[in-house]
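Residues per chain, in single letters:
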Amino acid sequence: MSAHTSTRSLVDELTARVSGTVLAPEAPGSAGEPAGFQLGLRHRPDVVVGALSADDVRAAVRVAAAGDLPLTVHHTGHGTRLPAAGGILLATARMDSIAIDPAARTARVGAGAVWGAVTTAADRFDLMAPSGSFPGVGAIGYTFGGGLGLTGRADGWAVDHVRAFEVVDGEGDLHEVTADTDPGRFARLRGTGPLPGEVVTAMTIGLLPAGPLTGGALVHDLGPVGEPGDAAPLHAFREWTADLPDAVTSGLSVVTYPDWDVLPPHLRGRRVARIAMTVRAGSAETDRLLAPLRAATCAGEDTVGPLRPVDSSRVYAEPDAPHAYTGENLLLGDLVPAGLDAVAALGGPMTVIGIRHLGGALARPAAVPDTVSGRDAAYLVGALSPLDAERAITDPAAAVAEADPSRALRAFGPAATGANPGFGFGPRPV
Ligand SMILES: Cc1cc2nc3c(=O)[nH]c(=O)nc-3n(C[C@H](O)[C@H](O)[C@H](O)COP(=O)(O)OP(=O)(O)OC[C@H]3O[C@@H](n4cnc5c(N)ncnc54)[C@H](O)[C@@H]3O)c2cc1C
């Protein structure tokens, strides 16, 4: 804190220059400000700025640069990997503007917009955003990793639809970054993401037609954890996705549920597989495409049917309560059968394995250069384990080693071609 002798003087300077909130973390009223979806990391900044505008961001960046202070950006916390240690925590949630241009089929979204709100706004014009599986994720943060959307195999990565980013650089200057104004930065932001201290304050992104759209999931009970599981639905998914039209975007998840009495009886101690899909077609064509998979497996639950984008959270059915978790991923050239057998037999701490089918429009060359990891991959496999929040904060290395989600990925290793930064979560393995 070289230019500031105390947190008080830092708070005072920021308060004079920022129209949003400025709080020392222990101040009354600051409760919850730095908290987010990821509870396994705790930000410990000197001060929290709740920015209202790009001007607030510029002021905070300039104060950080002048004082040689770290500046950490915080939105929903879904993708946080490193907690702030001192300096300024810049919270963007209040910058949640969304402006839809129905004629241009674009949305201009602020740094605090989440996909669920953009989807709701676009729905009024029969349009949808190239959003992902969970509506609570930040629209801009999701896009940095490429943005693997609900209809990705039909419509491409989210970055394929980005027209412009509004960016505050490390000196506090504002830029409209497009393929024409700054092609290098435009390519880096679309895949690798921002540099430390660089803040994206808004994004203009193309919207997609809301229909036709069908979606849902086939759910299979693979048997009790602790016994060799039924791998047949996993192999059926591999065979089904080997030859699918681009209209179908799908993913397979397998959850090993512990025998916890808070869980519904049908999940306690069970290994459950969910084949989730979104299809750019009506119900009749979807039924035709799904017939081989339905015939090969006997799903306990089948929810595939007409889908409105605003109801898309029912496709992947991810938990919406904040929790502590750690996770890694691999991009794969092929879905090796030995990896599926290992997933079906997985024991140990609770783990969620998620396999996304890539290819189709996700494999097409970008119209303008980008830095997305995964255009040449056939699948992405991720493994995620819940953590005890306090243990993760006090001893992250031990917590991650005990959960060890990567054990579910080892058998896929021979087919790995890399990883996607957007699907890495929480404290990292040492
Ligand atoms: C349940 C769940 C489902 C998901 N589904 C998908 C999916 O379907 N497809 C997909 O591609 N990804 C998916 N993701 C991954 C998600 O897109 C990433 O975790 C993403 O980083 C979340 O961004 P955020 O802004 O919400 O989170 P945050 O943790 O707030 O931010 C993530 C990172 O981006 C930085 N950041 C955020 N906003 C800005 C900004 N305006 N300027 C500069 N830096 C910023 C933060 O500092 C942090 O380092 C999912 C994640 C979860 C937890």
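What counts and what doesn't
Residues numbered from 1 in each chain as written. Predicted model: local features only at pLDDT ≥ 70, side-chain atom pairs only at ≥ 80, totals over all residues. Heavy atoms only, no water. Pairing = 2+ DSSP bridges. Helix = DSSP H or I, 4+ residues; strand = E, 2+ residues; numbered from the N terminus. Axes fitted to C-alpha atoms, helices over the stretch in contact; angles between N-to-C directions. Contact = heavy atoms within 4.5 Å. Salt bridge = Lys/Arg side-chain N within 4 Å of Asp/Glu carboxyl O. Buried < 20%, exposed > 50% of the residue type's maximum accessible area, 1.4 Å probe, protein only. Near = heavy atom within 4 Å. Polar contact = N/O pair within 3.5 Å; in protein donor to acceptor, adjacent residues only side chain to side chain. Nonpolar A, V, L, I, M, F, W, Y, C, P; charged D, E, K, R; others polar. 1 Å grid on protein atoms, 1.4 Å probe; cavity = no way out; pocket = protein on both sides within 12 Å on 5 of 7 lines; lining within 4 Å. Points joined across faces, edges and corners; volume = space filled by probe spheres on them. Parallel < 35°, antiparallel > 145°, perpendicular 65-115°, else oblique. Left-handed = near helix turned anticlockwise from the far one by under 90°. Arc of directions from axis to C-beta. Domains from an automatic or database assignment. Buried area = accessible area lost by both parts, 1.4 Å probe.

## Structural notes on the sheet that holds strand β6 (residues 106-110)
Strand order in the open sheet formed by 5 strands is β5-β6-β10-β8-β9, with antiparallel pairing between adjacent strands. Each end of this open sheet is capped by a strand with a single partner; those strands are β5 (98-101) and β9 (174-177). Pairwise comparison of adjacent strand axes, ignoring direction, gives a mean angle of 15° for this sheet. Bridge count for strand β8 (residues 162-168) against strand β10 (residues 199-206) is 6 bridges, and the pairing is antiparallel. Its bridge partner being in β10, Val167 is matched across the sheet by Val200. Against the sheet, helix α2 (residues 54-66) contacts β8, β9 and β10, and its axis sits at roughly 45° relative to β8. Across the face of the sheet, helix α3 (residues 115-123) comes into contact with β5, β6 and β10 while running at roughly 35° to β5.

## Looking at the pattern of salt bridges
For the structure shown, the criterion picks out 24 salt bridges. As a salt-bridge pair, Asp123 and Arg308 come within 2.6 Å of each other at their nearest N and O atoms. Taken together, the residues Asp123 in helix α3 and Arg308 in the loop between β16 (305-306) and α9 (313-316) connect sequence positions 185 residues apart. The partner of Arg391 in a salt bridge is Glu402, with the nearest N and O atoms 2.4 Å apart. Highlighted residues: Arg391 in helix α11 (residues 389-394) and Glu402 in helix α12 (residues 396-403), separated in sequence by 11 residues. Among the residues examined, Glu402 registers a relative accessible area of 47% and is labelled partly exposed.

## Re the site of the ligand
For the ligand, the set of nearby residues contains 28 residues, the closest of which are Val73, Thr76, Ser133, Gly138 and Val200. His78 has a polar backbone atom sitting 3.3 Å from an oxygen atom of the ligand. Considering each element in turn, the shell around the ligand owes the most residues, 3 residues, to helix α4 (residues 139-144). Looking at the shell around the ligand, its residues break down into 13 nonpolar, 12 polar and 3 charged.

## Comments concerning empty space enclosed by the protein
On inspection of all chains with the given rule, the structure shows 1 cavity of 30 Å³ or more. One number sums up the size of the largest cavity: a volume of about 30 Å³. What lines the largest cavity is simply Leu148, Gly149, Thr249, Ser250, Tyr316, Arg356 and His357. For the lining of the largest cavity, the elements supplying multiple residues, two or more each, are β13 (248-256) and β18 (352-357).

## Things to note about the packing of helix α7 (residues 232-241) against helix α10 (residues 337-344)
Across the interface, α7 lies against α10 with an axial gap of 9 Å and an inter-helix angle of 150°. On the basis of the axis angle, α7 is roughly antiparallel to α10. In terms of crossing hand, the pair formed by α7 and α10 is right-handed. Of α10, the residues touching α7 (which contributes Leu234, His235 and Arg238) are Pro337, Leu340, Asp341, Val343 and Ala344.

## Focus: α10
Turning to α10, its buried residues are Gly339, Leu340, Val343 and Ala344. Each buried residue of α10 sits inside an arc of 140° when the element is viewed along its axis, so together they form one side. Check the buried side of α10 and you find it contacts α7, β13, β14 (270-279) and β18.

## Remarks on the domain arrangement of the protein chain
Considered domain by domain, the protein chain is made up of domain 1 (7-91), domain 2 (98-209) and domain 3 (214-423). Relative to domain 3, the C-alpha centre of domain 2 lies at a distance of 25 Å. Taken together, the contact pairs 31 residues of domain 2 with 38 residues of domain 3. Together domain 2 and domain 3 conceal approximately 2800 Å² of surface at their shared face, both sides included; 57% is due to carbon and sulfur atoms. Its largest share of buried area at the contact with domain 3, domain 2 owes to Leu148, Arg153 and Trp157, together 32% of the area lost on that side.

## Side note on the environment of Ala408
Here Ala408 is to be found in the loop between α12 and β20 (416-418). Accessibility expressed as a relative area gives 3% for Ala408, which makes it buried. Spatially, the C-alpha atom of Ala408 lies 9.3 Å from that of Leu384, the residues being 24 residues apart in sequence. Not counting residues within four places of it along the chain, the set of residues in contact with Ala408 comprises Val343, Leu346, Ile353 and Ala383.

## Topic: the pairing of strand β12 (residues 214-224)
Burial within β12 is extensive, with 9 of its 11 residues counted as buried. Bridge count between β12 and β14: 10 bridges; the pairing is antiparallel. The residue of β14 that forms the bridge with Asp221 is Val272. Note that β12 and β16 share 2 bridges and pair antiparallel.

## Here we look at the packing of α7 against helix α8 (residues 283-296)
The interhelical angle for the contact between α7 and α8, taken along N-to-C directions, is 160°, at an axis separation of 10 Å. Judged by the angle between their axes, α7 and α8 are roughly antiparallel. Relative to α8, α7 is oriented so that their crossing is right-handed. The segment α7 lies against α8, with Ala236, Phe237 and Trp240 engaging Leu289, Leu290, Leu293 and Ala296. When the residues that make up the contact of α7 with α8 are grouped by side-chain class, the tally is 7 nonpolar, no polar and no charged.

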